[in-house]
Amino acid sequence: MRDYKSLATIPVGLNPTGVAANSQKNEVYVVNTGSNSLSVIDAEQNKVIAIIGVERTPYFVDISADGSRAYVANSASNSVSVIDLNSRRVLRNIAVGKSPGLARVSRDGKVVVVAERVGNSVSVIDAEKMTVRSSLPVCQQPTDVEILPDSTKAFVSCSESAQVAVVGLNASGDARNELAPTQNLRDGKRTRQDTQEQPAGPDRVLALLDVGATPVHLALKPDGGEIFVSNFGADTISEIATGTDEVGGSYVIGAGPVRGLVSADNSTLYVSNFNSDTIGLYSTDDGKFLGAVHVGSHPDALALSPNQNFLFVADTGAADVSVVRTGVTPPVLLTIIPVGQQPNAIAVKAFILRKPPSSLQ
């Protein structure tokens, strides 16, 4: 059995709030909200090797699948910083809507969708041109974004209006100027909302789906077939079928669910319940609540080990990380690791093996 422990504490900038690992190189990136910067960590040496300045009050960083770019939403500057991770420089700061809290890049690297909390809107960025191709009103206080693996749709949770917006991403760019009726889903049935004119362009709002109160996070199954919504104010999760844009149901999961994560085999959803200090377990195959594991105070961010046998939980109220052993039935709390005050983000880095020098081959 692995002996998990803290190996190092790495100084970064002020108020670090976001972290992401690069799948193509042994680097980890930390967003420093109080310093308006991005720290680049060498994951082998456990030290900061570069600091990249961005604009004001960044909160989130997302990395393209090819590892070449980072996208940082700057909430106080109403912008998204596009960063070249090879040269470690900002390529462009793109103006977007009011208070962008998150910028999510599609798996193919062609599109970035930005949730604009105060603007009640999303911006869709053409990643190659580094320009906004669409700006769409959605629902109130968009908070989180997930993009399907085939990059055809984005789902946006809106915490104030208890809805999830479905945005069609039409990369071919055939603009449609007709009046587009937005659909709304209530009680399992699709009904037509007031017809509204949508901006001409390649992207459009396809549906507004009613979920539970205060939806704060979206968890996408790796196969892209379903999304699970953490409804913080309702103590529930909602299940959305991404092919039909319909809510299959909502289920009690625990007090104050804030994050969700689906296992690589698409079978199990793990949910951190902020107000009950538990991880709720839900079977995505048969829609059953499997139980809960008690962890530290106010659990938030989640990450699974590459072999899926361990779940790491950032306990924001306890200054530690809980390690849950998931490779057994039922899952159990393995250990708790002290880390530092208010851990709020977590990333797992699978290391890339380097080829040895030719003289050693």
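Because the structure is predicted, anything quoted here is derived from the model rather than measured. (Residues numbered from 1 in each chain as written. Predicted model: local features only at pLDDT ≥ 70, side-chain atom pairs only at ≥ 80, totals over all residues. Heavy atoms only, no water.)

Participant: Honestly, the sheet that holds strand 20 (residues 226-231) in this entry has me stumped. Any pointers?
Facilitator: As a general point, the strands of a sheet are linked pairwise by backbone hydrogen bonds and lie either parallel or antiparallel. Sheet architecture is open: 4 strands sit in the order 19-20-21-22, paired in antiparallel fashion. Every other strand in the sheet has two partners, leaving strand 19 (215-220) and strand 22 (246-252) as the edge strands with one partner each. Going across the sheet, the axis of each strand differs from the next one's by a mean of 25°, ignoring polarity. In terms of strand pairing, strand 21 (residues 236-241) meets strand 22 through 6 bridges, oriented antiparallel. Across the sheet, the residue bridging to Ile237 is Tyr251, located in strand 22. (Pairing = 2+ DSSP bridges. Helix = DSSP H or I, 4+ residues; strand = E, 2+ residues; numbered from the N terminus. Axes fitted to C-alpha atoms, helices over the stretch in contact; angles between N-to-C directions.)

Participant: Got a minute to help me understand the confidence of the model for the protein in this structure?
Facilitator: Reading fine detail from the predicted coordinates is not recommended where pLDDT is low. In this model, the protein carries an average pLDDT of 90, and 88% of its residues clear a pLDDT of 70 or more. Counting contacts from residues 173-182, a segment whose pLDDT is below 50, to residues more than four positions away or on other chains yields 25 contacts. Below pLDDT 50 for its whole length, residues 185-196 participates in 30 contacts with residues either more than four positions away or in separate chains. (pLDDT = per-residue confidence, 0-100. Contact = heavy atoms within 4.5 Å.)

Participant: Looking at this structure, I do not really get the layout of surface pockets. What am I missing?
Facilitator: One water molecule sets the probe size; rolling that probe over the atoms shows where empty space is left. Taken as a whole, the second largest pocket encloses approximately 1,800 Å³ of empty space. Together, 41 residues line the second largest pocket, and Ala8, Val321, Val339, Ile346 and Ala347 are the ones closest to its centre. Where the lining of the second largest pocket is concerned, the elements lending two or more residues are strand 1 (16-21), strand 2 (27-32) and strand 28 (310-315). (1 Å grid on protein atoms, 1.4 Å probe; cavity = no way out; pocket = protein on both sides within 12 Å on 5 of 7 lines; lining within 4 Å. Points joined across faces, edges and corners; volume = space filled by probe spheres on them.)

Participant: Teacher, can you tell me more about the sheet that holds strand 7 (residues 79-84) here?
Facilitator: Ordered by their spatial adjacency, 4 strands build an open sheet running 5-6-7-8, and the pairing between neighbours is antiparallel. Looking along the sheet, the strands with just one partner apiece sit at the ends: strand 5 (58-63) and strand 8 (89-95). Going across the sheet, the axis of each strand differs from the next one's by a mean of 20°, ignoring polarity.

Participant: Please explain the pattern of salt bridges as it appears in this structure.
Facilitator: Side chains bearing opposite charge may pair, as long as their charged atoms lie close to each other. Counting across every chain of the model gives 6 salt bridges. Where Asp144 meets Arg104, a salt bridge forms, and the shortest distance between an N and an O atom there is 3.2 Å. Taken together, the residues Asp144 in strand 13 (residues 142-147) and Arg104 in strand 9 (residues 100-105) connect sequence positions 40 residues apart. With respect to class, Asp144 is no different from Arg104; both count as buried. With a shortest N-O distance of 2.7 Å, Arg133 and Asp203 are connected by a salt bridge. Residue Arg133 is found in strand 12 (residues 131-137), and its partner Asp203 is found in strand 18 (residues 203-210); the two are separated by 70 residues along the sequence. (Salt bridge = Lys/Arg side-chain N within 4 Å of Asp/Glu carboxyl O. Buried < 20%, exposed > 50% of the residue type's maximum accessible area, 1.4 Å probe, protein only.)

Participant: Please explain the state of the cysteines as it appears in this structure.
Facilitator: Cysteine pairs can be linked by a disulfide, which is a covalent bond between their two sulfur atoms. Within the structure shown, the criterion is met by 1 disulfide. Paired by a disulfide, Cys139 and Cys158 hold their sulfur atoms 2.1 Å apart. Residues Cys139 and Cys158 share a disulfide whose torsion about the S-S bond is about 70°; that sign makes it right-handed. One end of the pair, Cys139, is in the loop between strand 12 and strand 13; the other, Cys158, is in strand 14 (residues 153-158), with 19 residues separating them in the sequence. (Disulfide = S-S within 2.5 Å.)

Participant: I keep staring at unusual backbone geometry and nothing clicks. Help me out?
Facilitator: A cis amide bond links Thr329 with the next residue in sequence, Pro330, at an omega value of -5°. Summarising the element assignment, Pro330 is placed in the loop between strand 29 (320-325) and strand 30 (332-338). One non-glycine residue, Ser99, lies in the positive phi region at around 55°. Within the secondary structure layout, Ser99 lies in the loop between strand 8 and strand 9. Backbone geometry places Asn266, a non-glycine residue, at a positive phi of 70°. Along the chain, Asn266 falls in the loop between strand 23 (257-262) and strand 24 (268-273).

Participant: Before we go on, may I ask you to explain the environment of Ala95 in this structure?
Facilitator: Here Ala95 shows up in strand 8. Take Ala95: its relative accessible area is 60%, and that puts it in the exposed class.

Participant: I tried to follow the nonpolar core on my own but got confused; where do I start?
Facilitator: Generally speaking, a soluble globular protein has its nonpolar side chains buried in company with each other. Of all hydrophobic cores here, the largest spans 20 residues; its most connected members are Val113, Val122, Val138, Val145, Ala154, Val167 and Leu169. At the level of elements, strand 10 (111-116), strand 11 (121-126), strand 13, strand 14, strand 15 (163-169) and strand 18 are the ones that each hand at least two residues to this core. Ile52, Val54, Val61 and Ile83 belong to the second largest nonpolar core, which has 14 residues in total. (Core = buried A, V, L, I, M, F, W, Y, C linked by side-chain atoms within 4.5 Å.)

Participant: Could you clarify how one ought to interpret the side chain of Asn26 in this entry?
Facilitator: Tracing the backbone shows Asn26 in the loop between strand 1 and strand 2. When its relative accessible area of 5% is taken as the criterion, Asn26 is described as buried. A polar contact of 2.8 Å, which involves the side chain of Asn26, links it to the side chain of Glu44. (Polar contact = N/O pair within 3.5 Å; in protein donor to acceptor, adjacent residues only side chain to side chain.)

Participant: What exactly am I supposed to notice about the pairing of strand 29 here?
Facilitator: Looking along a regular strand, one sees the side chains alternate between the two faces of the sheet. Of all 6 residues in strand 29, 5 are buried; the element is thus mostly enclosed. In the sheet, strand 28 pairs with strand 29 via 6 bridges, with the strands oriented antiparallel. In the sheet register, Leu311 faces strand 29, and the bridge partner there is Val324. Remark: 4 residues form the turn of the hairpin made by strand 28 and strand 29, two consecutive strands paired antiparallel; Ala319 in that turn has positive phi of roughly 60°.

Participant: Mind showing me how you'd approach the packing of aromatic side chains here?
Facilitator: Two numbers describe a pair of aromatic rings. These are the distance of the centres and the angle of the planes. For the coordinates displayed, the defined rule picks out 4 aromatic pairs. Measuring from ring centre to ring centre gives 5.2 Å for Tyr4 and Phe310, while their planes differ by 70°; the resulting arrangement is edge-to-face. With a gap of 306 residues between them, Tyr4 in the segment before strand 1 and Phe310 in strand 28 connect regions that are remote in the sequence. One aromatic cluster is present, formed by Tyr4, Phe310 and Phe312 through successive ring pairs. (Phe/Tyr/Trp six-rings, centres within 6.5 Å; stacked < 30°, edge-to-face > 60°.)

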